[in-house]
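# Summary of structural features
So the chains spell out like this:
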Amino acid sequence: LDKKVKQNNWEEGNFINYKKMSENLAIVRSRLNRPLTYAEKILYSHLDDPHGQEIERGVSYLKLRPDRVACQDATAQMAILQFMSAGMPSVANPTTVHCDHLIEAQVGGPKDLERAISINKEVYDFLASACAKYNIGFWRPGSGIIHQILLENYAFPGGLLIGTDSHTPNAGGLGMCAIGVGGADAVDVMANLPWELKAPKVIGVKLTGQLSGWTSPKDIILKVAGILTVKGGTGAIVEYHGPGTNSISCTGMATIGNMGAEIGATTSVFPFNDRMYDYLKATKRSDIGDFARSYAKELREDEGAEYDQLIELNLSELEPHINGPFTPDLATPISKFSEAAKENNWPDELKAGLIGSCTNSSYEDMSRAASIARDALEHGVKAKSAFFVTPGSEQIRATIARDGQLQTFEEFGGIVLANACGPCIGQWDRQDVKKGEANSIISSYNRNFTGRNDGNPATHSFVTSPDLVVAMSIAGSLSFNPLTDKLKDKDGNEFQLTPPTGEGLPSRGYDPGNNTYQAPPADRTTVNVQVSPSSDRLQVLQPFNAWDGKDALDMPILIKAKGKTTTDHISMAGPWLKYRGHLDNISNNMLIGAINEANGEANKVRNSTNDEWDAVPAVARDYKAKGIKWVVIGDWNYGEGSSREHAALEPRHLGGLAIITRSFARIHETNLKKQGMLPLTFADPADYDKIKPDDRIDLLCTELAVGKPLTMRVHPKDGETFEVKLNQTFNEAQIEWFKNGSALNTMAKSAK
Ligand code: SF4
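Residues numbered from 1 in each chain as written. Predicted model: local features only at pLDDT ≥ 70, side-chain atom pairs only at ≥ 80, totals over all residues. Heavy atoms only, no water.

This next bit is on the packing of aromatic side chains. Under the criterion given, the structure shown has 18 aromatic pairs. For the pair F83 and Y134, a centre-to-centre distance of 5.5 Å together with 85° between the ring planes defines the contact as edge-to-face. In this pair, F83 is assigned in helix α3 (residues 73–85) and Y134 in helix α5 (residues 121–134), connecting sequence segments 51 residues apart. For the pair F83 and Y134, one class covers both residues: buried. Aromatic side chains W139 and Y517 sit 4.8 Å apart centroid to centroid with 45° between the ring planes, which places their arrangement in the tilted category. Of the two residues, W139 is situated in strand β4 (residues 137–139) and Y517 in strand β21 (residues 517–518); the sequence distance between them amounts to 378 residues. By the burial criterion, W139 is buried, and Y517 matches it. (Phe/Tyr/Trp six-rings, centres within 6.5 Å; stacked < 30°, edge-to-face > 60°. Helix = DSSP H or I, 4+ residues; strand = E, 2+ residues; numbered from the N terminus. Buried < 20%, exposed > 50% of the residue type's maximum accessible area, 1.4 Å probe, protein only.)

Another aspect to go through is the domain arrangement of the protein chain. Considered domain by domain, the protein chain is made up of domain 1 (18–201 + 274–298), domain 2 (320–480) and domain 3 (552–751). Relative to domain 2, the C-alpha centre of domain 1 lies at a distance of 29 Å. Domain 1 puts 23 residues into the contact, and the matching count from domain 2 is 24 residues. Inspection of the region where domain 1 meets domain 2 yields zero salt bridges. Between the two partners, domain 1 and domain 2, sit eleven residue pairs in polar contact (both at pLDDT 80 or more). Elements represented by at least two residues in the side of domain 1 that touches domain 2 include exactly α4 (109–119) and α6 (146–154). Among the elements that take part in the side of domain 1 that touches domain 2, α6 stands out by supplying four residues, more than any other. Its residues placed into classes, the side of domain 1 that touches domain 2 shows six nonpolar, 13 polar and four charged. (Domains from an automatic or database assignment. Contact = heavy atoms within 4.5 Å. Salt bridge = Lys/Arg side-chain N within 4 Å of Asp/Glu carboxyl O. Polar contact = N/O pair within 3.5 Å; in protein donor to acceptor, adjacent residues only side chain to side chain. Nonpolar A, V, L, I, M, F, W, Y, C, P; charged D, E, K, R; others polar.)

Attention now moves to the side chain of T711. Checked against the element boundaries, T711 lands in strand β29 (residues 710–715). You can call T711 buried: its relative accessible area is 5%. What T711 contacts, discounting residues up to four positions off in sequence, is D698, L699, L700, E703, E723, V724 and K725.

A word on the pairing of β29. Where strand β28 (residues 696–699) meets β29, four bridges bridge the pair, whose relative direction is antiparallel. The residue of β29 that forms the bridge with D698 is R713. Here β29 runs beside strand β30 (residues 722–727); their pairing, made up of five bridges, is antiparallel. In the strand pairing of β30, L710 is matched with L726. Linkage of β29 to β30, two consecutive antiparallel strands, is achieved through a turn of six residues, within which G719 is found at a positive phi near 130°. (Pairing = 2+ DSSP bridges.)

The subject of this paragraph is the site of the ligand. Residues in close proximity to the ligand include H101, I145, H147, D165, H167, S357, C358, C421, C424, I425, N446 and R452, which together make up its full environment. Counted by class, the shell around the ligand contains five nonpolar, five polar and two charged residues. Both domains that furnish three or more residues to the shell around the ligand are identified here as domain 1 (18–201 + 274–298) and domain 2 (320–480). (Near = heavy atom within 4 Å.)

On to the environment of Y517. Residue Y517 is classed as buried on the basis of its relative accessible area of 9%. With 378 residues separating them in the primary sequence, Y517 and W139 have C-alpha atoms 4.7 Å apart. With near-sequence residues (within four places) excluded, Y517 lies in contact with W10, G137, F138, W139, R140 and Y154.

Our focus in this paragraph is the pattern of salt bridges. In total, this model carries 45 salt bridges according to the counting rule given. Between K63 and E196 there is a salt bridge, and its shortest N-O distance comes to 3.3 Å. Separated by 133 residues along the polypeptide, K63 in strand β1 (residues 61–64) and E196 in strand β7 (residues 195–198) bring together distant segments of the chain. The exposure class of E196 is partly exposed, given its relative accessible area of 32%. Each of R29, K41, K297, E298 and D302 takes part in one network of salt bridges that share partners.

Time to look at the environment of K673. On the secondary structure map, K673 appears in helix α21 (residues 666–674). Take K673: its relative accessible area is 3%, and that puts it in the buried class. Each C-alpha atom of the pair K673 and S507 lies 53 Å from the other, and the pair is 166 residues apart in sequence. If we ignore the near neighbours within four places in the chain, the residues touching K673 are P679, T729, F730, Q734 and W737.

Here we take up the pairing of strand β25 (residues 630–634). Among the five residues that make up β25, five are buried, leaving the element largely enclosed by the rest of the structure. Here three bridges tie strand β22 (residues 552–560) to β25, and the two strands are oriented parallel to one another. Along β25, the bridge assignment pairs K560 with I633. In the sheet, β25 pairs with strand β26 (residues 656–661) via five bridges, with the strands oriented parallel. Bridged to V632 within β26 is I659. A crossover connection joins β25 to the parallel β26 through helix α20 (residues 646–653); in handedness this β-α-β unit is right-handed. (Right-handed = clockwise from strand over helix to strand, strands pointing away.)

Now the structure itself:
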């Protein structure tokens with residue numbers, strides 16, 4: 001294990017550290033003294049402190065040291081801006097950025113890409129220059145979708161990766177523990193802070209039997225999603241094991257890991273096997289495959305490892321499935337699908353079929369799909385539905401262009417879109433139906449929530465394997481079952497489609513296509529990060545001010561929020577996402593969704609300096625301009641929803657000092673601490689009711705100490721001043737964050 005094997009073919013000096021991992025594991029083993037699951041082995045071998053770390057599945061918070069970070073272009077903007085504000089010369093851990101989310105599908109690959117490059121120029125220029133400056137690998141627009149690029153180039157068995165995108169678990173197909181996180185977590189790892197994760201539970205899925213015919217790897221996760229539902233994987237890693245894993249290609253396992261995000265799982269993992277070795281070899285990484293073989297004993301579960309829940313699936317009996325509409329866990333086997341469509345009045349005519357995306361873009365997927373299209377063409381028929389292909393990467397596009405699958409799709413009537421997310425994330429300029437018109441579409445994507453693909457809430461979006469997408473697109477109908485039903489050829493004669501076939505890996509090797517990678521230059525000192533001062537989409541962050549060392553007296557309550565206050569209420573998405581790289585502009589959405597207890601309305605609060613009612617961000621700005629600190633009072637589980645760091649950055653930017661609630665969603669609470677704010681909870685939750693929106697607040701910040709409550713003095717408009725005790729969960733290090741103004745200020749200070 002002493003060998004020096006590089007993590008990938010793009011970077012020098014970043015090695016796979018199986019030796020360190022096995023040492024860490026030995027320490028943990030001697031402490032726990034029980035067989036471990038594979039998921040546990042990966043996580044525990046990346047512990048920051050294997051000796052001292054408390055380890056209990058579902059309970060402890062693990063401090064981990066991931067091997068890599070990856071960001072997509074939408075989330076990378078704020079992550080990198082924050083990292084820049086720490087003032088460090090380069091990222092502390094290997095990081096890549098991938099341009100895939102901002103490309104709209106309109107007419108087809110090259111034109112759409114050209115248009116996106118012009119519309120998003122300032123964002124791409126910023127990302128390209130910041131990556132060059134801080135030693136980050138940059139994958140230009142057109143390179144492909146983050147998860148496909150990671151699988152092709154960066155994933156390795158036993159590694160730990162975090163990515164600022166929910167489908168990061170795609171890399172589980174190559175035996176990696178790959179977890180989707182928010183930007184704040186990515187920044188921690190870039191800046192060399194340990195990354196915290198609640199020790200996941202482990203759900204075992206034992207696979208027996210073998211896939212065949214029309215059944216594909218996608219059907220495994222469609223079935224599992226039906227069993228576990230969209231919430232069933234929450235807080236857990238799904239660990240596939242058993243003899244059935246050997247009948248699934250590496251890219252097929254990636255598909256399963258990818259869509260594991262739909263059941264809320266932290267990630268999904270597969271044990272290292274020969275199929276992974278073959279894929280590593282095909283992607284020019286035999287050295288990694290050989291190295292993994294020498295460490296293979298630890299790249300799978302221990303004999304007798306126990307799972308918190310166990311599901312068994314016999315692949316020989318598994319039917320193809322179609323999931324949806326509107327939710328990915330509504331799983332229907334193909335034999336029952338036509339009936340279900342009639343019963344539920346799903347529009348029978350299939351308007352569009354879409355294959356590809358990060359979920360199902362492998363060479364195998366494309367070859368199988370093309371074999372069905374070719375079968376139809378040989379009978380003189382084409383797709384009846386509109387048909388789109390989204391190659392997952394430039395390498396896949398170039399390889400299927402060379403080997404003929406792409407031409408088959410075009411002959412079949414397909415439009416080949418850019419190597420990007422496109423319609424999967426609503427980047428689809430769809431013209432064939434009006435908003436509000438009920439219609440059906442089917443894709444090989446992973447997510448099908450209302451409006452996701454085309455912004456039309458009446459679109460019934462179904463997800464399935466690429467094989468079934470092609471077959472159903474030929475029929476143009478939801479009632480078609482290719483396993484049993486016949487189609488008509490060009491002369492009106494009946495025929496049945498032959499089950500798909502296709503090579504798993506290209507026998508002539510992959511064609512890399514156009515070079516779309518930008519490596520950081522050797523001399524990075526002269527690189528200037530490009531942010532136009534007049535940009536409305538990007539803004540360099542200024543470090544937040546350090547705490548003034550004093551108690552905060554006579555503060556107004558900006559808003560006393562009533563009921564649910566999610567991160568969406570605090571920092572809305574939708575059109576605001578355009579400004580995610582511009583803190584001042586996006587702050588105009590701060591708390592606009594929260595309900596003010598004073599009037600039961602959203603985005604209308606009283607300005608205590610002039611008694612006028614105004615929008616929440618406007619009042620906060622006015623206080624800030626007048627040098628007045630303010631607080632927010634919140635209800636239960638404040639900040640639930642997502643890990644969106646903007647929900648913590650905005651109140652800090654607009655001059656907030658503390659958020660005082662009955663309770664917090666944990667990630668949001670930590671995010672607030674990271675930005676130098678005080679998340680505090682009522683020691684007696686009933687005190688929430690004693691606070692009125694126009695009370696004035698003193699906070700005795702000088703009392704802040706580990707494990708000690710803080711005093712809040714409340715001055716009602718009419719009535720006696722009273723005191724309330726507030727709890728807090730700061731540890732020593734986090735108190736430094738508060739004192740220095742933020743976690744990043746603290747990192748910058750210690751880096752000097
Ligand atoms: Fe996310 Fe879809 Fe892009 Fe995959 S293709 S990264 S699921 S938006």
